[in-house]
Protein chains: 2
Amino acid sequence: MQIIRTVKEMQLISIQLKNEQKQIGYVATMGYFHEGHLNLMKQARKENDIVITSIFVNPLQFGPNEDFEKYPRNKEKDTREAEEAGIDYLFLPSVDEMYPDKQLIKMHMERRVNVLCGNSRPGHFDGVLTVLTKLFHIVLPDKTYFGLKDAQQVAVVEALIRDHNFPIKLIGVPTTREADGLAKSSRNVFLNEQERKEAVWLYKSLLHGQQLVVDGVKNPDIIVKEVHELLREHVSGKVDYIEMLSYPDLLPVLDTNQNIILAAAIYFEEARIIDNIILNAKGQIKSQFE
Amino acid sequence: MQIIRTVKEMQLISIQLKNEQKQIGYVATMGYFHEGHLNLMKQARKENDIVITSIFVNPLQFGPNEDFEKYPRNKEKDTREAEEAGIDYLFLPSVDEMYPDKQLIKMHMERRVNVLCGNSRPGHFDGVLTVLTKLFHIVLPDKTYFGLKDAQQVAVVEALIRDHNFPIKLIGVPTTREADGLAKSSRNVFLNEQERKEAVWLYKSLLHGQQLVVDGVKNPDIIVKEVHELLREHVSGKVDYIEMLSYPDLLPVLDTNQNIILAAAIYFEEARIIDNIILNAKGQIKSQFE
């Protein structure tokens, strides 16, 4: 595995790889890997000639009150694990390397962003759009892999690629889960023993919502209400949101006769835990983003 | 010359050309060609394996009070001239082909846009940024050619390519002029006989400004004032603006010890005529954008 630190070198390598007709798979990350990240890399490894992963904690997507400085970092472990996952190039640019000057161009998205997690992070996805535009031009991937755990981010990347005609295929990778169903997350370590036991109810409640759709319940309010009741019953943490929206448009829905996302977020003492499922009109989980 | 009308086909051709390691030169236009456009194509022809030209009148860069519908079009003549200029692929997408859905992402630039011609066209360059981002992803050029007659547009494209790390080299092509120095423009035909004679003073006045820089005048206000006086003396049309700014940042300057643009626009009866020169600190015309 080669470690690349400059934009210029990474882009020259990518151009060279394209000239050699190599298919490039790309996994953009902010590092601090867990099994979810590694599964993205493994899937990219299977489907491409070359796999490039980047670790870049992007200041542009952190709000003024969000803790960019304290975002967890562990480059040694990440580097080792990327190598073990069979990554060919690990791109590790500095902030100065990615943003040598003030960006003159602002990107902004009105739709898909002011719901779910985006609701409490104004401007967050604008920063995501800018950094991914830059990274896509530097890495020149044929395919890019994002985890459906962050389903809203996948919806935003889908809009970016489609709106701007990027010659890139977006692959949404199903959420990696613990044996009991809890979605893997760097934040799970912040749960105490009791909370860890409760947290499984996040997924269990969403699956109950799925069962309602399968059973023919069409009214999103009823489904959200039942999910909410289950969570209140089993979880000590405070519910941040439970939402059922169209997917990937993330608009309010009047019924479940379409692709929808059912998503929830809970504040525990030391961690906010999120999860979601994406369903088609029959209530079947869509394991692959289309 | 092949005429391509769909985004998908054009992008597949571009990807195939890149796989064959062809160097692609690209000239984006809104059609209604004059000699300036053809010179861009000729230069691209000299410097690349493949030359792609697009004609697309982009509704996104026209304001609500600007006349998108009445923008002059002449596809038969343009097609013939593109073929004569040795273009390999002429990309002619429809508006629906370029914008099948409402764009979810807005691009916006604060700097470089609210001066010169951008001053009277709020939002114009935001639309330019979006369409060029799309076209660059569809055509996948190695080099893209823009005329320095529209020096502000070149400055905006320079920011787009640099901000977003596009793997594209921007070539600014010197303004094509009539024998007497008037910059070529589709709008020159709207000048009456008297105005056509006067219009040469646009360039002559700018060259006088250049001479002042060469002579060591450092104060932009003095230069702009003398250019203004010359224009008032020789031209019946109304001066829209005369500005001296840094280039390509297009910021106000206190002196001429840097790369600067000296630009002017005049309203004649039926046409607004613009021209500019770009000078280094010694007052030498920069014939190539760097």
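Residues numbered from 1 in each chain as written. Chains lettered and ligands numbered in written order. Predicted model: local features only at pLDDT ≥ 70, side-chain atom pairs only at ≥ 80, totals over all residues. Heavy atoms only, no water.

Per an unreviewed UniProt entry, chain A is named Pantothenate synthetase, and its organism is Oceanobacillus longus. As recorded by UniProt, the Function (unreviewed entry) comment attached to chain A reads in full: "Catalyzes the condensation of pantoate with beta-alanine in an ATP-dependent reaction via a pantoyl-adenylate intermediate." Chain A has a UniProt comment under Subunit (unreviewed entry) that states "Homodimer." (UniProt positions renumbered as here; feature names shortened; annotations may be inferred.)

*Asks:* Would you mind showing me how to read the overall build of chain A here?
*Replies:* Check the secondary structure of chain A and you find 8 helices and 10 strands. The C-alpha atoms of chain A give a radius of gyration of 19 Å, which matches the 19 Å a tight globule of 290 residues would have. Seen through its C-alpha atoms, chain A measures out along the principal axes to roughly 55 × 40 × 40 Å. Every one of the 290 residues in chain A was classed for burial, and the buried ones make up 57%. (Helix = DSSP H or I, 4+ residues; strand = E, 2+ residues; numbered from the N terminus. Rg over C-alpha atoms; globule rule 2.2 N^0.38 Å. Buried < 20%, exposed > 50% of the residue type's maximum accessible area, 1.4 Å probe, protein only.)

*Asks:* Help me understand the nonpolar core, please; the structure alone is not making it clear to me.
*Replies:* Considering soluble globular proteins, one finds that nonpolar side chains tend to be buried as a cluster. In this structure, Leu132 and Phe136 of chain A together with Leu132 and Phe136 of chain B are the most contacted members of the largest nonpolar core, which totals 108 residues. With residues near it in sequence (within four places) discarded, Phe136 of chain B still touches Tyr26, Pro141, Thr144, Phe146, Val157, Leu160, Ile161, Phe166 and Ile168 of chain B. (Core = buried A, V, L, I, M, F, W, Y, C linked by side-chain atoms within 4.5 Å. Contact = heavy atoms within 4.5 Å.)

*Asks:* What is the right way to read the relation of the copies chain A and chain B from this model?
*Replies:* Each of the two chain copies can be brought onto the other by rotation about an axis and movement along it. Each copy superposes on the other: chain A lies on chain B with an RMSD of 0.0 Å after a rotation of 180 degrees and an axial shift of 0.0 Å. The transformation just described matches what one would write down for a two-fold rotation axis. Considering only C-alpha atoms, the part of chain A nearest the rotation axis is Met107 of chain A, at 2.3 Å. Taken as a fraction of all interface residues of chain A, those also at the interface in chain B reach 100%, which identifies the copy contact as same-surface. (Least-squares fit on C-alpha atoms with pLDDT ≥ 70 in both.)

*Asks:* I tried to follow the pattern of salt bridges on my own but got confused; where do I start?
*Replies:* Where charged atoms from two side chains of opposite charge approach closely, those side chains can pair. Per the stated rule, a full pass over the model turns up 30 salt bridges over all chains. A salt bridge links Glu35 of chain A to Lys184 of chain A; the nearest nitrogen and oxygen atoms lie 2.5 Å apart. Here Lys184 of chain A lies in the loop between β7 (169-173) and α7 (193-214) and Glu35 of chain A lies in helix α2 (residues 35-47), a separation of 149 residues in the sequence. Taking the shortest distance from any N to any O, the salt bridge between Lys143 of chain A and Glu47 of chain A comes out at 3.9 Å. Here Lys143 of chain A, found in strand β6 (residues 143-147), pairs with Glu47 of chain A, found in helix α2; they are 96 residues apart in sequence, far enough to count as distant. The class of Lys143 of chain A is buried, set by a relative accessible area of 18%. Within the structure, one salt-bridge network assembled from shared partners comprises Asp101 of chain A together with Arg112, Glu158, Arg162 and Asp249 of chain B. (Salt bridge = Lys/Arg side-chain N within 4 Å of Asp/Glu carboxyl O.)

*Asks:* Just checking my understanding: could you explain the sheet that holds strand β6 (residues 143-147) of chain B for this structure?
*Replies:* Within a sheet, adjacent strands bond to each other through the backbone by hydrogen bonds, running parallel or antiparallel. Residue and element names in this part refer to chain B. Within the open sheet, the 6 strands sit side by side as β1-β4-β3-β2-β6-β7. Their pairing is parallel. On the outer flanks of this sheet lie β1 (2-4) and β7 (169-173), each paired with one strand and no other. Strand-to-strand twist of the sheet, defined as the mean angle between neighbouring strand axes without regard to direction, takes the value 25 degrees. One ladder, built from 3 bridges, connects β1 with strand β4 (residues 89-91); its direction is parallel. Pairing of Ile3 across the sheet is with Leu90, part of β4. (Pairing = 2+ DSSP bridges. Axes fitted to C-alpha atoms, helices over the stretch in contact; angles between N-to-C directions.)

*Asks:* Help me understand the interface of chain A and chain B in this model?
*Replies:* Interfaces are often described in size by the accessible area the parts lose on coming together. Each side of the interface is counted separately: chain A has 33 residues, and chain B has 33 residues. When residues of chain A are sorted by the area they lose upon contact with chain B, Leu104, Ile105 and Asp163 of chain A head the list and together hold 26% of the total. Linking Asp101 of chain B and Arg162 of chain A is a salt bridge whose minimum nitrogen-to-oxygen distance equals 3.3 Å. Seen at the junction of chain A and chain B, the total is 21 residue pairs in polar contact (both at pLDDT 80 or more). Put simply, the parts of the chain that give the side of chain A that touches chain B at least two residues each are α1 (7-19), β5 (105-109), α5 (124-139) and α6 (151-163) of chain A. Looking at which element gives the most residues to the side of chain A that touches chain B, the answer is α5 of chain A, with 6 residues. Classifying every residue of the side of chain A that touches chain B by side-chain character gives 13 nonpolar, 10 polar and 10 charged. (Buried area = accessible area lost by both parts, 1.4 Å probe. Polar contact = N/O pair within 3.5 Å; in protein donor to acceptor, adjacent residues only side chain to side chain. Nonpolar A, V, L, I, M, F, W, Y, C, P; charged D, E, K, R; others polar.)

*Asks:* Mind showing me how you'd approach the UniProt feature "active site" (unreviewed entry) in chain A here?
*Replies:* All names here are of chain A. The UniProt feature table records "active site" (unreviewed entry) at His37. Along the chain, His37 falls in helix α2. By relative accessible area, which is 15% here, His37 ends up buried. With sequence-adjacent residues up to four places away left out, His37 is seen in contact with Thr29, Gly31 and Tyr32. Side-chain polar atoms of His37 contact the backbone nitrogen of His34, separated by 3.0 Å.

*Asks:* Even after reading the chapter, I still don't get the UniProt feature "binding site: (R)-pantoate" (unreviewed entry) in chain A, so can you show me in this structure?
*Replies:* All names here are of chain A. Mapped onto the present numbering, the UniProt feature "binding site: (R)-pantoate" (unreviewed entry) falls at Gln61 and Gln153. Despite a sequence span of 93 residues, these residues sit close together in the fold, their greatest C-alpha distance being 11.9 Å. Secondary-structure assignment places Gln61 in the loop between β3 (50-55) and α3 (75-84). The residues contacting Gln61, other than those within four sequence positions of it, are Met30, Glu66, Arg121, His124, Gly127, Val128 and Val131. Within the structure, the side chain of Gln61 is placed 2.9 Å from the side chain of Asn58, a separation counted as a polar contact.

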